[in-house]
Amino acid sequence: MSESENKADIVPVRLGRSSGFQFECHKGVSCFTKCCRGIDIILTPYDIIRLKNKLELPSEEFLAIYTEPQLFEKTDLPVVTLKLLDDEIRSCPFVRDEGCLVYDDRPTTCRYYPLGVGNLSHGEEGGDDDKDFFFFVNEPHCKGFEEAKEWTVDSWRKDQGVDIHDEINAGWADLIVRKRSFPPNIQWTPKAKEMFFMACYNLDAFKRFVFESPFLDKFEVEDERVEKMKTDELALLEFGFLWLKDVFFLKENEDKLFKPKNPA
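Once a new chain begins, its residue numbering starts again from 1 and follows that chain's sequence as written. Per-residue local features are limited, in this predicted model, to residues with pLDDT of at least 70; the limit for side-chain atom pairs, both in listing and counting, is 80 or more; totals at the level of whole chains, interfaces and linings are taken over all residues. Only hydrogens and water are set aside; all other atoms, that is, all heavy atoms of the structure, feed into the side-chain values.

Enquirer: Would you mind going over the overall build of the chain in detail, with residue names and values included?
Expert: A tally of regular secondary structure across the chain gives 11 helices and 10 strands. Pairs of residues are marked as contacts when any of their non-hydrogen atoms sit within 4.5 Å. Taking the intrachain contacts of the chain between residues at least 6 apart in sequence as the baseline, contacts between residues at least 24 apart amount to 70%. Residue exposure ignores everything except the shown protein chains as possible cover, and the areas themselves are Shrake-Rupley values with a 1.4 Å probe. By element, 51% of the accessible surface of the chain is carried by carbon and sulfur atoms, the whole surface being about 14,900 Å². Elements are defined by DSSP. Helices are runs of H or I of four residues or more, strands are runs of E of two residues or more, and each kind is numbered from the N terminus.

Dropping the structure here:
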């Protein structure tokens, strides 16, 4: 596949949740699995949980084998991308000619395709139509748009399970958009970036940080939340998002969710 053939065309049309389109991907289309080569996929925190559990790997091992660290453009925040195979067409490590080996646990970006998604604000209330926008990612090789199956953006999101992914990742997306609104001269320290990376992506390390360090001796955290985090990774992930927001994004005069114990 040539570079021009592989280059995605981002159609400059903003789509809403009720916007309609025709699309279907299946083994019968001639381009089946071509969209799984030569791609750049940012993995969300929930993607990492799903994939590491599917592969029965701890966070550190999954991140080391299957991801590459990057700095997100315009935010200088750490993100992780899926590490592609070192072959001529830069294939996804989970794709085979017959399809995806981790289809039930595939990343959010794969679920959205052929749609892309953007957010206009960090959306404190969340879920409002005017805070979300979507667009088509038209790749020249893709024949899926020639199929007759009809969708709206919302019905596609629900069918692909991406609505659940978005709900779980909402706190992470909020943090990224908040950081993007910072003036360019406000930069995080390497230590702050490490903490963001750990809380968002390396959940096993973050769990150790919470439960095997003096953390819970220093901050007031409800007993019910603490107990839930011991066995529920999503509760731990949500806590990480809230804690990062408290530490890095709330102003001094704003009421923090997690207050120091016995403040001086």
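Enquirer: I'd like to hear about the packing of helix α5 (residues 153-160) against helix α6 (residues 162-180), residue by residue, with values.
Expert: To get an axis, fit a line to the C-alpha atoms, keeping to the stretch in contact for a helix; angles then go from 0 to 180 degrees between the N-to-C directions. Here α5 crosses α6 at 85°, and the two axes come no closer than 5 Å. Considering their axes alone, α5 and α6 lie roughly perpendicular with respect to each other. Along its contact with α5, which presents R157, K158 and Q160, the element α6 presents V162, D163 and D166. Any residue that is not Ala, Val, Leu, Ile, Met, Phe, Trp, Tyr, Cys, Pro, Asp, Glu, Lys or Arg is counted as polar, Gly included; the first ten are nonpolar and the last four charged. Taken together, the residues of the contact of α5 with α6 break down into one nonpolar, one polar and four charged. For classification purposes, an angle smaller than 35 degrees is called roughly parallel, one larger than 145 roughly antiparallel, one from 65 to 115 roughly perpendicular, and anything else oblique.

Enquirer: So what about the sheet that holds strand β4 (residues 67-72)? Which residues, and what values?
Expert: Backbone-to-backbone hydrogen bonds pair the strands of a sheet. The strands run either parallel or antiparallel. Being paired, for any two strands, means DSSP has found at least two bridges between them. Pairing is antiparallel in the open sheet, where three strands are placed in the order β3-β5-β4. Two strands lie at the open edges of the sheet, namely β3 (42-43) and β4, each paired on one side alone. As defined by bridge partners, β4 adjoins strand β5 (residues 77-82) across six bridges and the pair is classed as antiparallel. Across the sheet, the residue bridging to L71 is P78, located in β5. In the packing of α6 onto the sheet, contacts are made with β3, β4 and β5, and the angle to β5 comes to roughly 130°.

Enquirer: Can you explain the environment of G144? Please cite residues and give values.
Expert: By the element assignment, G144 lies in the loop between β9 (132-138) and β10 (150-152). Between the alpha carbons of G144 and Q22 there is a distance of 8.0 Å; along the sequence they are 122 residues apart.

Enquirer: Break down unusual backbone geometry for me, with residues and values.
Expert: Of note, the amide linkage connecting Y113 to P114 takes the cis form, showing an omega dihedral of 15°. Structurally, P114 can be placed in the loop between α4 (108-112) and β8 (115-119). Although it is not a glycine, D76 sits at a positive phi angle of roughly 60°. Mapped onto the elements, D76 comes out in the loop between β4 and β5. Judged by relative accessible area, D76 falls into the partly exposed class, the value being 21%. Classification of residues uses two cut-offs on accessible area relative to the type maximum, computed with a 1.4 Å probe and protein chains only: under 20% is buried, over 50% is exposed, and between them is partly exposed.

Enquirer: Describe the pattern of salt bridges, listing the residues and the values that go with them.
Expert: Note on definitions: salt bridges are taken to be side-chain nitrogens of Lys or Arg within 4 Å of carboxyl oxygens of Asp or Glu. Counted under the stated rule, the structure contains 13 salt bridges. Among the ionic pairs, D154 bridges to R17, the shortest N-O distance being 3.1 Å. With D154 in helix α5 and R17 in the loop between β1 (9-10) and β2 (20-22), the pair connects residues that are 137 residues apart, well separated along the chain. Linking R50 and D105 is a salt bridge whose minimum nitrogen-to-oxygen distance equals 2.7 Å.

Enquirer: Lay out the side chain of T33 in plain terms, naming residues and giving numbers.
Expert: Among the structural elements, T33 can be located in the loop between β2 and β3. Within the local environment of T33, its side chain forms a polar contact with the side chain of R37, the two groups lying 2.7 Å apart. Counting of polar contacts relies on pairs of N or O atoms within 3.5 Å, with two restrictions inside protein: one atom must be capable of donating a hydrogen and the other of accepting it, and residues adjacent in sequence are counted only when both atoms are side-chain atoms.

Enquirer: Help me get a handle on the pairing of β5, residues and values and all.
Expert: With six of its six residues buried, β5 lies for the most part within the structure. Burial along β5 is two-sided: the residues L77, V79 and T81 and P78, V80 and L82 are all buried. Between the end of β4 and the start of β5, which pair antiparallel, lie four residues, with K74 showing a positive phi angle near 75°.

Note that every value here comes from positions in space, so none of it alone points to a role or purpose.
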